[in-house]
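# Examining the three-dimensional arrangement
Here is what each chain is made of, one letter per residue.
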Amino acid sequence: MSSSKQYYYSTTSLVVGYALCSSLLAVINKYAITQFNYPGLLTALQYLTSALGVWVLGKLGFLHHDPFTIENAKKFLPAAFVFYLAIFTNTNLLRHANVDTFIVFRSCTPLFVAIADTVFRNQLLPSKLTFLSLVIILGGAVGYVATDSGFTLRAYSWAFAYLVTITTEMVYIKHIITNLGLNTWGYVFYNNLLSLMMAPIFWVLTGEYNEVFAALSANSGNLFETSAFVAVSLSCLFGLAISFFGFAARKAISATAFTVTGVINKFLTVAINVLIWDKHASPFGLICLLFTLSGGILYQRSVTGAGSAPSQRELSKQSDVSDDGGDAENQERSVSGNKLVSV
């Protein structure tokens with residue numbers, strides 16, 4: 001098999017893995033937050049599972065991650081902070097709104113990421129067809145918001161905060177992973193460990209610790225019911241999986257393509273959401289939502305037809321090669337980590 005085909009199949013596997021995890025995680029997190037209504041503690045448990053999982057598997061020899069150093073931690077800290085804010089606003093959005101609202105705002109991010117990519121990362125401007133597809137995404141989102149009967153100021157405040165932080169996170173972390181030179185499991189380890197260190201600060205600032213201690217006192221120290229334990233466990237496991245596939249996919253494709261991948265896979269999320277929840281959008285709202293997601297498909301066709309996808313892959317390969325001359329070894333380590341997750 002030629003190197004180009006091998007790269008294509010490797011990239012496809014990473015993107016598919018990320019898409020499956022992303023499509024299921026939104027519903028799992030919504031279920032988890034309804035069963036365990038402590039978003040700060042829930043995300044802290046996710047970070048703990050991912051960081052500890054990578055460390056243990058590394059000690060057992062199943063994967064390799066870059067060792068923790070203060071120098072790398074300082075370089076990665078701003079990205080981890082932005083990531084934490086994105087997850088923090090995401091969880092609170094799911095807490096106060098339905099999954100459809102989350103999907104609509106998530107779907108708007110490619111347009112803003114494409115603009116930010118051009119302005120801050122010197123990427124080429126989107127073609128007219130590509131920009132049209134991004135406007136379609138935004139138009140569908142506006143139509144959904146206009147017909148959302150569940151509109152509340154609190155929910156949409158979290159939604160706009162999520163839109164800003166996730167756009168910043170998509171572009172900034174792409175910049176970090178292009179220049180820092182860690183392997184995929186190293187990014188997962190640093191990201192989750194640093195986020196875990198920040199979690200107590202937000203836990204105190206939001207006052208959630210009072211709710212947790214009150215629940216412990218009321219339930220004689222038992223914070224988990226069986227349903228909550230299952231929901232939190234699934235959320236943590238999928239959090240670890242999406243950490244790997246997310247960072248690996250970010251290295252392989254552009255920030256905008258990565259963002260659109262996260263939009264397109266929401267078709268599955270919409271189907272699951274309609275089947276299992278009674279609180280979802282109206283029929284017209286669902287049409288607007290599907291219209292938004294269709295814009296994601298049009299975007300993918302536009303960049304593939306224009307031949308920009310191979311160019312993005314080549315740019316990714318060039319940036320990977322230039323990362324301190326050590327990324328060839330990192331790619332081998334990433335492949336071994338990918339095999340472990342795929343098993």
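Residues numbered from 1 in each chain as written. Predicted model: local features only at pLDDT ≥ 70, side-chain atom pairs only at ≥ 80, totals over all residues. Heavy atoms only, no water.

## Side note on the overall build of the chain
Of regular secondary structure, the chain possesses 14 helices and zero strands. Listing the helices and strands of the chain from first to last along the sequence gives α-α-α-α-α-α-α-α-α-α-α-α-α-α. For the chain, the proportion of its 343 residues judged to be buried stands at 52%. Partitioning the intrachain contacts of the chain with sequence separation of at least 6 by distance along the chain shows that 88% fall at a separation of at least 24. Accessible surface for the chain amounts to roughly 15800 Å². Of this, 68% is attributable to carbon and sulfur atoms. (Helix = DSSP H or I, 4+ residues; strand = E, 2+ residues; numbered from the N terminus. Buried < 20%, exposed > 50% of the residue type's maximum accessible area, 1.4 Å probe, protein only. Contact = heavy atoms within 4.5 Å. Areas by Shrake-Rupley, 256 points an atom, 1.4 Å probe, with all protein chains shown as cover.)

## As for helix 4 (residues 99-120)
The terminal C-alpha atoms of helix 4 lie 31 Å apart, and with 22 residues this matches the ideal 32 Å at 1.5 Å per residue to within 8%. For helix 4, the principal kink sits at Leu111 and spans about 25°. When you tally the buried positions in helix 4, you get 18 out of 22 residues, the bulk of the element. Phi turns positive one or two residues past the end of helix 4, at Asn122, with a value near 55°. (Expected span 1.5 Å × (residues − 1). Bend = angle between axes of the 7 residues up to and from the residue.)

## Examining the packing of helix 6 (residues 153-179) against helix 9 (residues 226-252)
The N-to-C vectors of helix 6 and helix 9 enclose an angle of 75°; their axes lie 10 Å apart at closest approach. As judged from the angle between their axes, helix 6 and helix 9 are roughly perpendicular. Of the residues in helix 9, those in contact with Glu169, Met170, Ile173, Lys174 and Ile177 of helix 6 are Phe247, Arg250 and Lys251. Taken together, the residues that form the contact of helix 6 with helix 9 break down as four nonpolar, no polar and four charged. (Axes fitted to C-alpha atoms, helices over the stretch in contact; angles between N-to-C directions. Parallel < 35°, antiparallel > 145°, perpendicular 65-115°, else oblique. Nonpolar A, V, L, I, M, F, W, Y, C, P; charged D, E, K, R; others polar.)

## Brief notes about the pattern of salt bridges
Side chains that differ in charge, positive against negative, can pair when their charged atoms come close. One pass over the full model with this rule turns up two salt bridges. The salt bridge partner of Lys75 is Glu71, with a shortest N-O separation of 3.6 Å. With a gap of four residues between them, Lys75 and Glu71 both fall in helix 3 (residues 70-96), about one helical turn apart. Where Arg95 meets Glu211, a salt bridge forms, and the shortest distance between an N and an O atom there is 3.5 Å. Highlighted residues: Arg95 in helix 3 and Glu211 in helix 8 (residues 208-218), separated in sequence by 116 residues. Assessed through its relative accessible area of 26%, Arg95 is described here as partly exposed. For Glu211, a relative accessible area of 36% puts it in the partly exposed group. (Salt bridge = Lys/Arg side-chain N within 4 Å of Asp/Glu carboxyl O.)

## Here's the deal with the side chain of Thr165
With respect to the secondary-structure elements, Thr165 resides in helix 6. Among the polar contacts made by the side chain of Thr165, one reaches the main-chain carbonyl oxygen of Ala161 at a distance of 3.0 Å. Once you skip the residues sitting within four places of it in the chain, Thr165 turns out to touch Val82, Leu85, Ala86 and Thr89. (Polar contact = N/O pair within 3.5 Å; in protein donor to acceptor, adjacent residues only side chain to side chain.)

## Details of the confidence of the model for the chain
For the chain, the average pLDDT comes to 77, and 78% of its residues sit at 70 or higher. Counting interchain partners and residues more than four positions distant, the pLDDT-below-50 stretch residues 307-343 has 46 contacts. (pLDDT = per-residue confidence, 0-100.)

## Re the packing of aromatic side chains
Think of a pair of aromatic rings as described by two things: how far the centres are apart, and how the planes are tilted against each other in angle. Under the defined criterion, the tally for this structure stands at 18 aromatic pairs. Residues Tyr84 and Phe202 carry aromatic rings whose centres are separated by 4.6 Å and whose planes lie at 35° to one another, so their mutual orientation is tilted. Here Tyr84 is found in helix 3, whereas its partner Phe202 is found in helix 7 (residues 184-205), with 118 residues between them in sequence. The exposure class assigned to Tyr84 is buried, which follows from its relative accessible area of 1%. Overall, the relative accessible area of 15% leaves Phe202 in the buried class. Geometrically, the ring pair formed by Tyr209 and Phe213 is edge-to-face, given 6.2 Å between the ring centres and 75° between the ring planes. You can see Tyr209 and its partner Phe213 sitting in helix 8, four residues apart, about one turn around the helix. A relative accessible area of 28% means that Tyr209 is categorised as partly exposed. By relative accessible area, Phe213 is classed as partly exposed at 45%. Chaining the aromatic ring pairs together yields one cluster made of Tyr47, Phe83, Tyr84, Phe88, Trp158 and Phe202. (Phe/Tyr/Trp six-rings, centres within 6.5 Å; stacked < 30°, edge-to-face > 60°.)

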